[in-house]
Amino acid sequence: MILVRLVVGPLQVNCYILADEKTKDAVIIDPGDDADEILRIVREKGLKVKYLVNTHAHFDHVGANKKIKEETGAQLLLHEKDAVVLRNAISHAAVFNLTTTASPEADRYVQQGDVISAGEISLRVLHTPGHSPGGICLAEHGIVFTGDSLFAGSVGRTDFPGGDLMTLLGGIKMHLLSLSDETRVFPGHGPDTTIGDERRENPFLNAESGFL
Ligand SMILES: [Zn+2]
Ligand SMILES: [Zn+2]
């Protein structure tokens, strides 16, 4: 499997390009900005982008949806509970004195348990609301993309509309802490980590936190 991480936009979102090495079928997770740079890699590697998936619809994760969809014909996938968040991306960006490009509506809504396939890649959708209502994580064999739900040493902020810390921690406990310790975690911002490291050291998740 091909896995490329790009850090895009002013809020330094991790955009991930995943592709099947043989068929070149690809999925792009959180194309938040820098569409030209993402498309350059797509062309350089000869990838056929089947899906764009937003782990959630905050403006920093969706800004390159429009251009990449137009250039590649990929389908845009999102959890339905973030449809309104997607429509509000420009006004949410303005709160940070930033701008973004309006995204087209999702082609298809995904929910808990759905599988997104491209070649040999199959990403299982895990609904982890709490940072945003439609927040999802995407699990593959031995790896999980956690958007802004789980970071190395932290969890997503819960002070945006629709946010709730106990909901977020409940989803993380059910869907992420049930994965094996070796599972590699690729978050929406910052460095990658493992489920085992987070289980032991994340102040929101370890035994001393009192949250779980
Ligand atoms: Zn976010
Ligand atoms: Zn973010």
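Up top is the structure these notes are about.
Note that the coordinates shown come from a computational prediction; the quantities given were computed from them, not determined experimentally.

## Structural notes on the overall build of the protein
Part 1 of the argument: What the protein contains, in helices and strands, is seven helices and 14 strands.
Part 2 of the argument: Its C-alpha atoms give the protein principal-axis dimensions of about 50 × 40 × 25 Å.
Part 3 of the argument: The buried share among the 212 residues of the protein stands at 53%.
Part 4 of the argument: Within the protein, residue pairs in contact and separated by at least 24 positions form 59% of the contacts whose partners lie at least 6 positions apart.
Part 5 of the argument: Counting every atom, the protein has about 9300 Å² of accessible surface; 49% of that belongs to carbon and sulfur.
Part 6 of the argument: Here the protein contributes 20 positively and 29 negatively charged side chains, and the mean placements of these two sets differ by 4 Å.

## Looking at the coordination of the zinc ion (ligand 1)
Part 1 of the argument: On the protein side, the zinc ion (ligand 1) has His56 (NE2), His58 (ND1), His131 (NE2) and Asp148 (OD) as donor atoms, found 2.1 to 2.4 Å from it.
Part 2 of the argument: Considering all four donor atoms around the zinc ion (ligand 1), angles at the metal cover 88 to 176 degrees and the coordination shape is irregular.
Part 3 of the argument: Positions of the donor residues of the zinc ion (ligand 1), expressed as sequence spacing, correspond to H-x1-H-x72-H-x16-D.
Part 4 of the argument: The distance between the zinc ion (ligand 1) and the zinc ion (ligand 2) is 3.5 Å, with Asp148 acting as a donor to both metals. With a gap of 17 residues between them, His131 in the loop between strand E8 (121–127) and strand E9 (136–140) and Asp148 in the loop between strand E10 (143–147) and strand E11 (150–151) connect regions that are remote in the sequence.

## Let's talk about the nonpolar core
Part 1 of the argument: Within the largest apolar cluster, 22 residues are counted, with the highest numbers of intra-cluster contacts made by Leu6, Ile17, Ile28, Ile38 and Ile68.
Part 2 of the argument: Mapped onto this core, the elements with two or more residues apiece are strand E1 (2–8), strand E2 (13–19), strand E3 (25–29), helix H1 (35–44) and strand E4 (48–53).
Part 3 of the argument: The element that contributes the greatest number of residues to this core is H1, accounting for five residues.
Part 4 of the argument: The residues touching Leu6, leaving out its near neighbours within four places in the chain, are Val13, Asn14, Cys15, Ile17, Glu37, Ile38 and Ile41.
Part 5 of the argument: Listed in part, the 18 residues of the second largest apolar core include Leu18, Val110, Ala118 and Ile121.

## What to know about the coordination of the zinc ion (ligand 2)
Part 1 of the argument: The protein atoms that coordinate the zinc ion (ligand 2) are Asp60 (OD), His61 (NE2), Asp148 (OD) and His189 (NE2), at distances spanning 2.1 to 2.4 Å.
Part 2 of the argument: Classification of the site at the zinc ion (ligand 2) as irregular follows from its four donor atoms and the range of 93 to 154 degrees in their angles at the metal.
Part 3 of the argument: Each donor residue of the zinc ion (ligand 2) lies on one chain, and together they are spaced D-H-x86-D-x40-H.

## Points about the packing of H1 against helix H3 (residues 65–72)
Between two packed helices, both the angle of their axes relative to each other and the distance between the axes serve to describe the pair.
Part 1 of the argument: Where H1 meets H3, the axes come as close as 9 Å, and the angle between the chain directions of the two elements is 30 degrees. What the angle tells us is that H1 and H3 run roughly parallel. When you trace H1 past H3, the crossing you get is right-handed. Facing H1, whose interface residues are Ala35, Asp36, Ile38, Leu39 and Arg43, H3 presents Lys67, Ile68, Glu71 and Thr72.
Part 2 of the argument: For the contact of H1 with H3, a count of residues per class yields four nonpolar, one polar and four charged.

## Remarks on the side chain of Asn14
Part 1 of the argument: Take Asn14: it is sitting in strand E2.
Part 2 of the argument: Judged by its relative accessible area of 1%, Asn14 is buried.
Part 3 of the argument: One polar contact links Asn14 to Tyr16, side chain to side chain, over a distance of 3.4 Å.
Part 4 of the argument: A polar side-chain atom of Asn14 sits 2.8 Å from the main-chain carbonyl oxygen of Gly190.
Part 5 of the argument: When residues no more than four places from it in sequence are discounted, the contact partners of Asn14 are Arg5, Leu6, Val7, Ile29, Asp30, Pro187, Gly188, His189 and Gly190.

## Notes on the environment of Gly162
Part 1 of the argument: On the secondary structure map, Gly162 appears in the loop between strand E12 (154–155) and helix H6 (165–176).
Part 2 of the argument: With 30 residues separating them along the chain, Gly162 and Ser132 place their C-alpha atoms 5.7 Å apart.
Part 3 of the argument: Aside from chain neighbours lying at most four places away, what touches Gly162 is Gly130 and Pro133.

Conventions and cut-offs
- Residues numbered from 1 in each chain as written.
- Chains lettered and ligands numbered in written order.
- Predicted model: local features only at pLDDT ≥ 70, side-chain atom pairs only at ≥ 80, totals over all residues.
- Heavy atoms only, no water.
- Helix = DSSP H or I, 4+ residues; strand = E, 2+ residues; numbered from the N terminus.
- Buried < 20%, exposed > 50% of the residue type's maximum accessible area, 1.4 Å probe, protein only.
- Contact = heavy atoms within 4.5 Å.
- Areas by Shrake-Rupley, 256 points an atom, 1.4 Å probe, with all protein chains shown as cover.
- Lys, Arg positive; Asp, Glu negative; His and termini not counted.
- Charge placed at Lys NZ, Arg CZ, Asp CG, Glu CD.
- Donors = N, O, S within 2.8 Å, 3.2 Å for Na, K, Ca; no water.
- Tetrahedral: all angles 85-135°; square planar, octahedral: opposite > 155°, others 65-115°.
- Core = buried A, V, L, I, M, F, W, Y, C linked by side-chain atoms within 4.5 Å.
- Axes fitted to C-alpha atoms, helices over the stretch in contact; angles between N-to-C directions.
- Parallel < 35°, antiparallel > 145°, perpendicular 65-115°, else oblique.
- Left-handed = near helix turned anticlockwise from the far one by under 90°.
- Nonpolar A, V, L, I, M, F, W, Y, C, P; charged D, E, K, R; others polar.
- Polar contact = N/O pair within 3.5 Å; in protein donor to acceptor, adjacent residues only side chain to side chain.

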